[in-house]
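Understanding the architecture of this molecule
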Amino acid sequence: MSVTMDLDRPFAPFALAAAARALPVLVALTALCGLTYVSVQQSHRQTANDPQLQLAGDAARALAAGAAPQAVVPAGRVNL
């Protein structure tokens, strides 16, 4: 028994069947990767505010405890 290729018959039916089986899996995998990306980005965006919130909270506690406003504000300047 020999295996030969029939060059007159296109592989279109096989390709369509393979694509039809693979497409739902590929769509689900793409959606899963997209959700993972979005959740990581959201986590990074939310934690980007942590230093500013910490500084503001520390300043509020110091002012509530009776510290002078000049003592709460840092002396140095940052050129943005």
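Residues numbered from 1 in each chain as written. Predicted model: local features only at pLDDT ≥ 70, side-chain atom pairs only at ≥ 80, totals over all residues. Heavy atoms only, no water.

**Considering the overall build of the protein chain**
Counting its regular elements, the protein chain contains three helices and zero strands. The N-to-C order of helical and strand elements in the protein chain reads α-α-α. Within the span of the protein chain, comprising 80 residues, buried residues form 1% of the whole. (Helix = DSSP H or I, 4+ residues; strand = E, 2+ residues; numbered from the N terminus. Buried < 20%, exposed > 50% of the residue type's maximum accessible area, 1.4 Å probe, protein only.)

**Some thoughts on the pattern of salt bridges**
Applying the stated criterion to the full structure yields one salt bridge. Of the charged contacts, one joins R61 and D58 as a salt bridge, the two residues approaching to 2.8 Å between their closest N and O atoms. Remark: D58 and R61 occur in helix α2 (residues 50-64); sequence separation between them is three residues, near one turn of the helix. When its relative accessible area of 53% is taken as the criterion, R61 is described as exposed. (Salt bridge = Lys/Arg side-chain N within 4 Å of Asp/Glu carboxyl O.)

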